[in-house]
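Fold and contact review
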Amino acid sequence: MDRGEAGSILYQTTLDVGLQPGCDPCGVEQAVRIARRFPRLRYMGSKYKLIPHLAEVFGSLQFKTVLDAFSGSGVVAYLLKAMGKTVHANDFLRFSAEVARATVENPGRTLTEADVRALLEPNPARSHFIEDTFDGLYFSRQDNQFLDNVWSNLGRLDDPYKRSLAIASLVLAAAKKQPRGVFTVVGRRYDDGRLDLRLSMQEQFLRAVKMYNRTVMPGAPGNRVTCSDVFDLPDDRYDLVYLDPPYVPPRDDNCYIKRYHFLEGLACYWKDVKILYNTRTKKIEKKWTLFSYKHTIVDALDRLFAKFSRSIIVLSYSSNSIPPREVIMDLLRRYKKTVHVVAVPHRYSFGTHQHVGVGRNEVSEYIFVGM
Ligand SMILES: C[S@@+](CC[C@H](N)C(=O)[O-])C[C@H]1O[C@@H](n2cnc3c(N)ncnc32)[C@H](O)[C@@H]1O
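The name an unreviewed UniProt entry gives the protein is site-specific DNA-methyltransferase (adenine-specific), with Caldinitratiruptor microaerophilus as the organism. Regarding the protein, the UniProt comment filed under Catalytic activity (unreviewed entry) reads as follows: "a 2'-deoxyadenosine in DNA + S-adenosyl-L-methionine = an N(6)-methyl-2'-deoxyadenosine in DNA + S-adenosyl-L-homocysteine + H(+)".

Attention now goes to the overall build of the protein. Looking only at helices and strands, one finds 13 helices and nine strands in the protein. In the protein, buried positions account for 58% of the 371 residues.

To continue, consider helix H7 (residues 141-153). Along its 13 residues, H7 runs 18 Å from first to last C-alpha, staying within 8% of the 18 Å computed at 1.5 Å per residue. Within the sequence span of H7, burial applies to Asp 143, Asn 144, Phe 146, Leu 147, Asp 148, Asn 149, Val 150, Trp 151 and Asn 153. Looking at the buried side of H7, the elements it contacts are helix H5 (113-120), helix H6 (129-133), helix H8 (160-176), helix H10 (201-215) and helix H11 (256-268).

We now examine the environment of Thr 296. The topology assignment puts Thr 296 in the loop between H11 and helix H12 (297-307). In this structure Thr 296 comes out as buried when scored by relative accessible area, which is 11%. In this structure the C-alpha to C-alpha distance between Thr 296 and Val 248, which are 48 residues apart in sequence, comes to 9.9 Å. Reaching out from Thr 296, the side chain makes a polar contact with the backbone oxygen of Leu 290 at a distance of 2.7 Å.

Residues in close proximity to the ligand total 21 residues, the closest being Tyr 43, Lys 47, Ser 73, Asp 91 and Asp 244. Taking Phe 92, its main chain carries an N or O atom lying 3.3 Å from a nitrogen atom of the ligand. At a separation of 2.9 Å, a nitrogen atom of the ligand approaches a polar backbone atom of Val 230. Protein contacts shield 99% of the accessible area of the ligand, which totals 610 Å² for the unbound molecule. Residues belonging to the shell around the ligand are distributed by class as follows: 10 nonpolar, seven polar and four charged.

Their axes nearest at 8 Å, the elements helix H4 (residues 94-105) and H8 cross at an angle of 125°. On the basis of their axis angle, the class for H4 and H8 is oblique. The way H4 lies across H8 gives a crossing that is left-handed. Counted together, Phe 95, Glu 98, Val 99, Arg 101, Ala 102 and Glu 105 of H4 and Tyr 161, Ser 164, Leu 165, Ile 167, Ala 168 and Val 171 of H8 form the full contact between these two elements.

Calculation criteria
- Residues numbered from 1 in each chain as written.
- Predicted model: local features only at pLDDT ≥ 70, side-chain atom pairs only at ≥ 80, totals over all residues.
- Heavy atoms only, no water.
- UniProt positions renumbered as here; feature names shortened; annotations may be inferred.
- Helix = DSSP H or I, 4+ residues; strand = E, 2+ residues; numbered from the N terminus.
- Buried < 20%, exposed > 50% of the residue type's maximum accessible area, 1.4 Å probe, protein only.
- Expected span 1.5 Å × (residues − 1).
- Contact = heavy atoms within 4.5 Å.
- Polar contact = N/O pair within 3.5 Å; in protein donor to acceptor, adjacent residues only side chain to side chain.
- Near = heavy atom within 4 Å.
- Areas by Shrake-Rupley, 256 points an atom, 1.4 Å probe, with all protein chains shown as cover.
- Nonpolar A, V, L, I, M, F, W, Y, C, P; charged D, E, K, R; others polar.
- Axes fitted to C-alpha atoms, helices over the stretch in contact; angles between N-to-C directions.
- Parallel < 35°, antiparallel > 145°, perpendicular 65-115°, else oblique.
- Left-handed = near helix turned anticlockwise from the far one by under 90°.

Shown next as structure tokens:
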């Protein structure tokens, strides 16, 4: 137990903060096991490692409908699906939305062997966009041709969920073949020869299809996905809203497009996005968000809490970020009578903000609960 500067007390478990244990702890454990199937995309701020803690918190609260407003890699929305909740997953990035459509909204479609054969078949009329635009940047010519070919064959799939499964698999394959999973660097400088980099794009794709097929399960009726700025979502009523916005670090930026522009482009074949051709990485124009700046983050959190004030709010935030815990508590108390904080020690494995040194990466991950 640690006594915070503002006098608030931080606890390590939900029981300590007075939340009741889940009425069905076995169900929670099983949901955690199911969530472990979720393919691991190296994604900045992913809650993959925190899933047991989040499951414990969710398991202690009474709710049926839930919005995951910043779904990112999709792992939390998938956990909530596994817990039997009616889930709305949202993120303003298209590749996040495709992954969530394949895994959270998808009520049971998988890619069959025939589907995969149709996707892999050489297509003489295939587009050459990736081969031409990204030649010599990230992948071999053959790997680029493979991506173009599968995209050109996507129309052969007869179902939108199968299409999302195929796009999610392309995204995972491309992420695995890029050192550190981020597209801020070009060339093979960080190629340490590990298996993920030695496998061809086709081999990675086939592995990814298997992994995503394994995630497919029916869920509660009404699971759905949107791709929208959080403030443009209609003011629907949810029993609980999970908020995991980007954290504003003291230094560096938290831009997702800068790191994942290739995956974002791949999810829509660069349709309706602006490529900045003068950049070395051929990145796309970044998406502006209130959650990226020190001078807008407090207002952004305040607006977020106001928007979802009728729901139980569960918020993830990091101790290493701006604003500090006490400010978030005060903001939440404007809208919620009771606010609890669970602090989970967490070491970020993600290679961002490396320049600040190892010690700075050992932070607490806060889970605020406002009721
Ligand atoms: C910390 S990540 C979420 C991680 C996710 N919970 C997971 O476990 O993978 C933050 C997400 O917020 C999204 N985002 C940023 N600003 C947004 C906005 N204004 N509206 C919707 N999504 C936004 C980013 O695309 C990113 O996926």
